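Observations on chain architecture
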Amino acid sequence: MAAKSDGAPVSLQNDIPSECPSGPHQRSPQCRPAEHRYTLLDCCWTLCALLVFFSDGASDLWLAADYYLRRDYWWFALTLVFVVVPSVVVQVLSFRWFAYDYADTSESGTAAAAVVAASGAESDFSTKDSDQRGAGRADAVGVLPTTGTRGGARGCCRACTWLFQSLIHIFQLAQVWRYVHTLYLGVQSRWRGDHERRHFYWRMMFESADISMLRLLESFLKSAPQLVLQLSIMIQANQVLPLQGLSASASLVSLAWMVASYQKALRDSRDDKLPMTYKAVLVQILWHLFTIGARTLAFALFASVFQLYFGIFIVAHWCIMTFWIIQGETDFCMSKWEEIIYNMMVGIVYVFCWFSVREGRTRCRMLIYSLSVFVENVALTTAWYLYRGQRTSDFYAVVLVCVVASSYALGTFFMFVYYCLLHPDGPISGWGFAVVEEEEAAAESLASPASTLPPDVVSSPPRTLQRTKDREQGGGMDGEVFKVRSARGAQSTLPRLTPRTEGPVIRIDLPRKKYPAWDAHFIDRRLRKTILVLEGAAPATPRIQYRCLGTPKEVMEYETTV
């Protein structure tokens, strides 16, 4: 990284361009709590997630061993494959993240500390209520690498850490370690002082985002096909073994849990969205539990009779959903090819349940998807009922059809309960999934003091930049650029407003990603690592600011090229 000073004046009070004002889909930050604290409920939620993970994996392995002892080698092989292959994929991805996060930490820390030291010399890390000019230089000194005995001890510790993490991932325990690490960081954020508490809370949010993405991927690569497989075996055999029922139940709970957990972690990570309460999360779990249960049961019924046609149906549905998602132009990843891979993974999720990937009203998209799933479930169940084997009695067949219908109806009911009563944005009016009096709320937000602040100013946890579109990359930018500066001339804020205008600012010269995408700081690990070092070296907790599209007046004093 390199730092340079342009010596130009900096102001946060730029005119807000047309791309940035609050609209009907951007809620005023006044309702967002200004302070984030790790609570006992958060700790219990993580422990329950660990329990769900262990129950899902252990029940599948136990069932595979039972198939082997019963000499059902075909079912044993399929059950074991759906356990091992997704787990290996997740371990490789997790270890790749660890290797990138842990590699060259001292070098990035040295460069970031140099930026902080330079900014401290120019008073760029001073705050309104503190005259500690140049404090950034003193704090940055502690980040610089040392030599001699300490360097040897540090090298030994790094080698031990690499060995420990390698063993963790070899034994397929990366998820367990990340859950435990999340608990540790959350507890530390409660016990430490104010500045350290924010630092540990940010790290806890990053770890929570990582484990949410990993577990969501693992659930739809392992639990979803495992659930369909075990249901198909039970239907073909016309009996339910206790271990089969346990494995199927654990897989279903894991799927519903991770979809709801992912949505909660995503909302908690963003300051422009209100957090999801645990009551809303439980209702969302019930929503996905019943809809995914009906969906997988319809799959299992059809697959028990038409194995080949079931495979063709799944591939066709996945292709249609993937092209639909790509056509919607999602903005999740930092490159085009990563975005395509992400869309392909979301296409797998769409085989089983609804998953929001675009900003704006979801009425039309969700209505189209719900009707398509309903028609497919009816067609699959009807085909099984008409062509079922002689071993299945009429009474048993009618019961299964009623289970599919009632489960889907219950899931739809809980979906309406969530959107109409427990959605974080408040009560809903009809199927529109838009906040009541949306236009009035938008007008109020534009007239409020919050609208006079730059809408891309956010506070802890740190937020980040948006992937630059191809049409924007020709505007003189050579890559991702950090711009660290002081907040001169910033306006005073009301006590209830979340955005702060005092203190050090990390200015990122790219637009912010729009919900429901993660902030790119959670995706681009280079930015995460550098911002954490800058935050740790600054005398006060910095805030992240993104540029608005079309703002011509932004001139930065310090630039740090990553």
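From a predicted model like this one, the values you see are computed outputs, not experimental measurements.

The final tally for this structure, using the stated rule, is zero disulfides. You can see C48 has no disulfide; the closest cysteine sulfur is in C44, sitting 6.6 Å from it. Exposure remark for C48: the relative accessible area of 36% places this residue in the partly exposed category.

Quick look at the side chain of S247 now. Mapped onto the elements of the fold, S247 is located in helix 8 (residues 242–268). Residue S247 is classed as buried on the basis of its relative accessible area of 0%.

So, about the pattern of salt bridges. Inspection of every chain in the model, using the stated rule, returns 19 salt bridges. Here D210 ties to R525 by a salt bridge, and the two come within 2.8 Å at their closest N and O atoms. Taken together, the positions of D210 in helix 7 (residues 194–237) and R525 in helix 16 (residues 525–537) put the pair 315 residues apart, joining distant regions of the chain. Considered together, D210 and R525 belong to a single accessibility category, that of buried residues.

With that out of the way, let us pick up helix 13 (residues 394–422). With 29 residues, helix 13 should cover 42 Å at 1.5 Å per step; its first-to-last C-alpha distance of 41 Å lies within 8% of that length. Those residues of helix 13 that sit buried are A397, L400, V404, S407, Y408, G411, F414, M415, V417, Y418, Y419 and L422. The elements touched by buried residues of helix 13 are helix 9 (278–303) and helix 12 (363–387).

Secondary-structure assignment places Y396 in helix 13. Its relative accessible area of 26% is what places Y396 among the partly exposed residues. Distance from Y396 to N238, taken between C-alpha atoms, is 9.4 Å for residues 158 residues apart in sequence.

Our next topic: the nonpolar core. If you look at the biggest cluster of nonpolar residues, it comprises 95 residues, and the most contacted ones within it are F220, Y350, F355 and W518. Top element by residues in this core is helix 7. It accounts for 18 residues. The contact partners of F220, leaving out residues within four places of it in the chain, are P225, L255, V259, I348, V349, F352 and C353.

Turning our attention to the packing of helix 9 against helix 13. Packing of helix 9 against helix 13 leaves a shortest axis separation of 8 Å and a crossing angle of 155°. One finds that helix 9 runs roughly antiparallel with respect to helix 13. The handedness of the crossing between helix 9 and helix 13 is left-handed. Split by residue class, the contact of helix 9 with helix 13 holds 20 nonpolar, six polar and one charged.

This brings us to the packing of aromatic side chains. According to the stated counting rule, one finds 33 aromatic pairs in the structure shown. Aromatic pair F332 and Y342: ring centres 3.9 Å apart, planes at 5°, arrangement stacked. Of this pair, F332 sits in the loop between helix 10 (307–327) and helix 11 (336–352) while Y342 sits in helix 11, placing them 10 residues apart in sequence. With a relative accessible area of 8%, F332 lands in the buried category. Judged by its relative accessible area of 13%, Y342 is buried. Connected via pairs of aromatic rings, a cluster forms that spans F206, Y262, F355, W518 and F522. We note K264 situated over the ring of Y278; from NZ or CZ to the ring centre the distance is 4.3 Å. One residue, K529, lies across the ring of Y100, its end atom 5.0 Å from the ring centre.

The next point concerns the side chain of S189. Along the chain, S189 turns up in helix 6 (residues 174–191). Sequence-distant contacts of S189, that is, excluding residues within four places in its chain, are made with Y38, R197, F200 and Y201.

In the predicted model, the protein carries a mean pLDDT of 75, and 68% of its residues have values of at least 70. Contacts for the low-pLDDT stretch residues 1–19, under 50 throughout, to residues beyond four places or in other chains number 55 contacts. Segment residues 551–562 is flagged for pLDDT under 50; beyond a separation of four residues in sequence, or across chains, it makes 53 contacts in the model.

About the cut-offs
- Residues numbered from 1 in each chain as written.
- Predicted model: local features only at pLDDT ≥ 70, side-chain atom pairs only at ≥ 80, totals over all residues.
- Heavy atoms only, no water.
- Disulfide = S-S within 2.5 Å.
- Buried < 20%, exposed > 50% of the residue type's maximum accessible area, 1.4 Å probe, protein only.
- Helix = DSSP H or I, 4+ residues; strand = E, 2+ residues; numbered from the N terminus.
- Salt bridge = Lys/Arg side-chain N within 4 Å of Asp/Glu carboxyl O.
- Expected span 1.5 Å × (residues − 1).
- Contact = heavy atoms within 4.5 Å.
- Core = buried A, V, L, I, M, F, W, Y, C linked by side-chain atoms within 4.5 Å.
- Axes fitted to C-alpha atoms, helices over the stretch in contact; angles between N-to-C directions.
- Parallel < 35°, antiparallel > 145°, perpendicular 65-115°, else oblique.
- Left-handed = near helix turned anticlockwise from the far one by under 90°.
- Nonpolar A, V, L, I, M, F, W, Y, C, P; charged D, E, K, R; others polar.
- Phe/Tyr/Trp six-rings, centres within 6.5 Å; stacked < 30°, edge-to-face > 60°.
- Lys NZ or Arg CZ within 6 Å of the ring centre and 35° of its normal.
- pLDDT = per-residue confidence, 0-100.

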